[in-house]
Protein chains: 2
Amino acid sequence: MTVTIKDVAKRANVAPSTVSRVIADSPRISEKTKRKVREAMKELGYHPNFIARSLANQATQVIGIVMPSAAEQALQNPFFPEVIRGISKAAHEKKYALQMSTGEKEVEIYEGVVDMLQGRRVDGVILLYSRIDDKLMKYLQKNKFPFVVIGKPHQKAEQITHVDNDNYLAGKEATEYLIARGHERIAFVGGNKQYLVTVDRLSGYEAALKEAGLPYREDYIMHEEFLQEGGQEAMKELLSLADPPTALVVADDLMALGVLKTLDEMNLRVPDDISIVSFNNTLLAEMSSPPLTSVDIHIFQLGYEATKSLIEKISNPNEPVKRIIIPHRIVERLSCGCYQK
Amino acid sequence: MTVTIKDVAKRANVAPSTVSRVIADSPRISEKTKRKVREAMKELGYHPNFIARSLANQATQVIGIVMPSAAEQALQNPFFPEVIRGISKAAHEKKYALQMSTGEKEVEIYEGVVDMLQGRRVDGVILLYSRIDDKLMKYLQKNKFPFVVIGKPHQKAEQITHVDNDNYLAGKEATEYLIARGHERIAFVGGNKQYLVTVDRLSGYEAALKEAGLPYREDYIMHEEFLQEGGQEAMKELLSLADPPTALVVADDLMALGVLKTLDEMNLRVPDDISIVSFNNTLLAEMSSPPLTSVDIHIFQLGYEATKSLIEKISNPNEPVKRIIIPHRIVERLSCGCYQK
DNA sequence: TTGTAGGCGTTATCAC
DNA sequence: GTGATAACGCCTACAA
């Protein structure tokens, strides 16, 4: 049925191994037989069977992408398509294929990835998140599977290749940006505290307040999902406070969108009544009304670099651990105003 | 190193074939040995090797996703993450994994997919687009590879399982919507005419004009890329006309965004100066200023149904050809006004 | 430079 | 019910 290496061999009057060598373009084969074999391949319409090759090679040339939650949910946030764009570019350059995890709950994802790796479907994986005490990450490390994480590993970060932003600094700068505009009651709206991004940006926020001699208030700290609904929830709670904030550091554009929505419903205006600095600088930040001042973290590059590092690691298991910090920068738009008492 | 079926067999004092049967939960194995074998698997931490299994089975339980262009580019349009969400859900339900094509140019994609299939990396593919005279589609058909397309196949649509909207009708309704509001100079901004979506929506547009006794003007028809830039280009051209349109049917939200951008730069207001009906009803439509009246084509469902159909086809090659039409509906927002002479 | 043979980890077809 | 054994398609020593 399907034409195999043997068929080609017969046709070209050589041994299967010779064909195999031609495929690998081995220098030990004469140009003449190479030509002959290649011609036979053309004539028969031969295509190498990756699966068979993978089995023999113990390598698949496939990289696994692991999302923090069901793709179904994660992909709602433009962060993910954007990282995947970067990943895709780098993978393509090195001729790697991409496979996506598809699990709903955390355990399912965990098992899915374990199967992916143990089942030798992929040569390595990229974690598109980093959370505290992550079972999966520990597993990967223990079993010495090639992987890189986008974000900062919770523990043993010096032993795990990762690509991250300086989220502490970014959080600090975002906050300082608001402080510089006279704000004193600044709230923080972030994702789940399990995520390192949240933790880091929050500490940056905290540091900025401290340096400015402003009080750190528990009731100004919100943790919600990285979705619009999360932002809405957070904003509602903040507005129910006796003295609501005059400015917000929001850790994600999509969340910020939710924040804007709630503010709009409450007839509050941005930046007149409340200022916002957001994160990610996705298209959403540009499009919202008002457009959001947002910290560009270069998502694409995050994915691109992570993939390059992973591939290096796959091809050379002794590759030293790397830590790559992608620069960030605040992109000013219209969501911040000066606070006037 | 890695624990195989043989190791398990030894440990459980059975033959490898028995272990294999236990994995497949064959009814011909006694509960007692099953228990014994399963215990051995636990103890040794056995994980089946998918690759080996695939080779023996001639099936991978992986579905390939084929985008119209480099993922790097396509993923900029929220349409794609959204279909993938649907695909991911259905795939997960049936325990299929997902692999993405990663090619830049059309030829590269073509070859990538051919390799995917011939290399037996995937059991079937989903084309996330449909274009005229598509080489790849012909290839798939000729070689009888399981595939489904999202969109309407150009030729032999009755022989190809596909999931689509009634884009003709949708285009017609969108146009009628504007006509009903008094507009007579209505332009069409679509994607490349190679794409069937574009063609279909355009014919719907044309039909609506005809029925209303309005002239069809070549200079009101724009074909650009499905990106913001495309919308900007189109709008610029339209505005350079002696008598620019008072309303637009734009075949994609992201393009519509570009349109809005250009209009804004020109100090034209929507809907006061120009009305817009867009397509896809992504988050962008909701967020833009003004929010766009947009035709919801239920992207998620498109992906979900396509995947279910593909999996059926993979498991049963004799599955009859299917054509699934996903309903659409216009979601009214603030981008349309009445035309007053 | 090329051929032979064994192995990669499973499944499937026979036997017993 | 369970055990050999031969595929699946390719790669890679080892020979020649």
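Every value quoted in this text rests on a predicted model; they were computed, and no experiment measured them. (Residues numbered from 1 in each chain as written. Chains lettered and ligands numbered in written order. Predicted model: local features only at pLDDT ≥ 70, side-chain atom pairs only at ≥ 80, totals over all residues. Heavy atoms only, no water.)

### What to know about empty space enclosed by the protein
Part 1: Evaluation of the coordinates by the stated rule reveals 7 cavities of 30 Å³ or more.
Part 2: Of the volumes computed, that of the largest cavity is approximately 130 Å³.
Part 3: Contributing to the lining of the largest cavity are 14 residues, with A:Ile51, A:Arg121, B:Ile51, B:Gln99 and B:Arg121 lying nearest its centre.
Part 4: Of all the secondary-structure elements, those providing two or more residues to the lining of the largest cavity are helix 4 (50–57) of chain A together with helix 4 (50–57) of chain B. (1 Å grid on protein atoms, 1.4 Å probe; cavity = no way out; pocket = protein on both sides within 12 Å on 5 of 7 lines; lining within 4 Å. Points joined across faces, edges and corners; volume = space filled by probe spheres on them. Helix = DSSP H or I, 4+ residues; strand = E, 2+ residues; numbered from the N terminus.)

### A few points about the UniProt feature "domain: HTH lacI-type" (unreviewed entry) in chain A
Part 1: Taking the numbering used here, the UniProt-annotated feature "domain: HTH lacI-type" (unreviewed entry) corresponds to residues 3–57 of chain A.
Part 2: Annotated as residues 3–57 of chain A, this span is 69% helix and 0% strand, and its ends, taken at the C-alpha atoms, are 20 Å apart. (UniProt positions renumbered as here; feature names shortened; annotations may be inferred.)

### Quick look at the protein's contact with DNA strand D
Part 1: In the region of DNA strand D, 26 residues are neighbours, and A:Ile5, A:Tyr46, B:Thr18, B:Arg21 and B:Thr33 sit closest.
Part 2: Sugar and phosphate atoms represent 66% of those atoms of DNA strand D found within 4 Å of the protein.
Part 3: Within the side chain of A:Ser20, a nitrogen or oxygen atom sits 2.7 Å from a phosphate oxygen of DNA strand D.
Part 4: A distance of 2.9 Å is found between a base nitrogen of DNA strand D and a side-chain nitrogen or oxygen belonging to A:Arg21.
Part 5: Contributions of two or more residues to the surface near DNA strand D are made by helix 2 (16–23) and helix 4 of chain A together with helix 2 (16–23) and helix 4 of chain B.
Part 6: The dominant element in the surface near DNA strand D, judged by the number of residues it contributes, is helix 4 of chain A, at 4 residues.
Part 7: Across the surface near DNA strand D, the residue classes break down as 10 nonpolar, 12 polar and 4 charged. (Near = heavy atom within 4 Å. Polar contact = N/O pair within 3.5 Å; in protein donor to acceptor, adjacent residues only side chain to side chain. Nonpolar A, V, L, I, M, F, W, Y, C, P; charged D, E, K, R; others polar.)

### Details of the pattern of salt bridges
When the charged atoms of two side chains with opposite charge come close together, those side chains can pair.
Part 1: One pass over the structure, following the stated rule, counts 37 salt bridges over all chains.
Part 2: With a shortest N-O distance of 3.4 Å, B:Arg131 and B:Glu106 are connected by a salt bridge. Of this pair, B:Arg131 sits in the loop between strand 3 (124–127) and helix 8 (135–142) while B:Glu106 is found in helix 7 (residues 106–118), placing the two residues 25 residues apart along the sequence.
Part 3: The residue B:Arg181 makes a salt bridge to B:Glu332 at a minimum N-O spacing of 3.5 Å. Highlighted residues: B:Arg181 in the loop between helix 9 (167–179) and strand 6 (186–190) and B:Glu332 in the segment after strand 12 (329–331), separated in sequence by 151 residues.
Part 4: Owing to a relative accessible area of 22%, B:Arg181 belongs among the partly exposed residues under this scheme.
Part 5: Because the salt bridges share partners, they merge into one network encompassing A:Asp25, A:Glu31, A:Lys34 and A:Arg38. (Salt bridge = Lys/Arg side-chain N within 4 Å of Asp/Glu carboxyl O. Buried < 20%, exposed > 50% of the residue type's maximum accessible area, 1.4 Å probe, protein only.)

### What about the environment of A:Val163?
All names here are of chain A.
Part 1: Structurally, valine 163 can be placed in strand 5 (residues 162–165).
Part 2: What makes valine 163 buried here is its relative accessible area of 0%.
Part 3: C-alpha of valine 163 to C-alpha of leucine 128: the two residues are 35 residues apart in sequence and 9.9 Å apart in space.

### Thoughts on the packing of aromatic side chains
Part 1: With the rule as written, the count across this model stands at 14 aromatic pairs over all chains.
Part 2: Aromatic pair A:Phe79 and A:Phe80: ring centres 5.0 Å apart, planes at 80°, arrangement edge-to-face.
Part 3: Classification of A:Phe79 by relative accessible area gives buried; the value is 13%.
Part 4: With a relative accessible area of 10%, A:Phe80 lands in the buried category.
Part 5: By way of ring pairs, the aromatic residues A:Tyr110, A:Tyr139 and A:Phe145 are connected into one cluster.
Part 6: Cation over ring: B:Arg121 sits above A:Phe50, and NZ or CZ is 3.8 Å from the ring centre.
Part 7: The ring of B:Tyr177 carries the charged tip of B:Arg181 above its face, separated from the ring centre by 3.7 Å. (Phe/Tyr/Trp six-rings, centres within 6.5 Å; stacked < 30°, edge-to-face > 60°. Lys NZ or Arg CZ within 6 Å of the ring centre and 35° of its normal.)

### Brief notes about the environment of A:Glu106
Residues and elements named next belong to chain A.
Part 1: Relative accessible area serves as the criterion here: at 42%, glutamate 106 is assigned to the partly exposed category.
Part 2: Distance in space between the C-alpha atoms of glutamate 106 and alanine 70 is 8.4 Å, their sequence separation being 36 residues.
Part 3: Excluding anything up to four places from it in sequence, glutamate 106 contacts Arg131 and Asp134. (Contact = heavy atoms within 4.5 Å.)

### Quick notes on helix 2 of chain A
All names here are of chain A.
Part 1: Turning to helix 2, its buried residues are Thr18, Val19 and Val22. All buried residues of helix 2 fall inside an arc of 100° around its axis, so they share one side.
Part 2: Looking one or two places after helix 2, you find aspartate 25, whose phi comes out positive at around 55°. (Arc of directions from axis to C-beta.)

### Brief notes about the interface of chain A and chain B
Interface size, as often reported, equals the accessible area lost upon joining of the parts.
Part 1: Every contact between the two is made by 49 residues of chain A and, on the other side, 49 residues of chain B.
Part 2: Summing the contributions of chain A and of chain B, the shared interface buries around 4,400 Å²; its carbon and sulfur component is 62%.
Part 3: The tally of links from chain A across to chain B stands at 2 salt bridges.
Part 4: When the shortest N-O distance is used, the salt bridge between B:Glu286 and A:Lys261 registers 3.4 Å.
Part 5: There are 14 residue pairs in polar contact (both at pLDDT 80 or more) connecting chain A and chain B.
Part 6: Going through the elements one at a time, helix 4, helix 5 (71–74), helix 6 (79–93), strand 2 (97–100), helix 7 (106–118), helix 12 (253–265) and helix 13 (283–287) of chain A are the ones with two or more residues in the side of chain A that touches chain B.
Part 7: The greatest single-element share of the side of chain A that touches chain B, amounting to 6 residues, is contributed by helix 6 of chain A.
Part 8: Its residues assigned to classes, the side of chain A that touches chain B comprises 22 nonpolar, 17 polar and 10 charged.
Part 9: Looking at chain direction, strand 2 of chain A and strand 2 (residues 97–100) of chain B are connected through 3 bridges and run antiparallel. Residue pairing across strands places A:Gln99 opposite B:Gln99, the latter belonging to strand 2 of chain B. (Buried area = accessible area lost by both parts, 1.4 Å probe. Pairing = 2+ DSSP bridges.)

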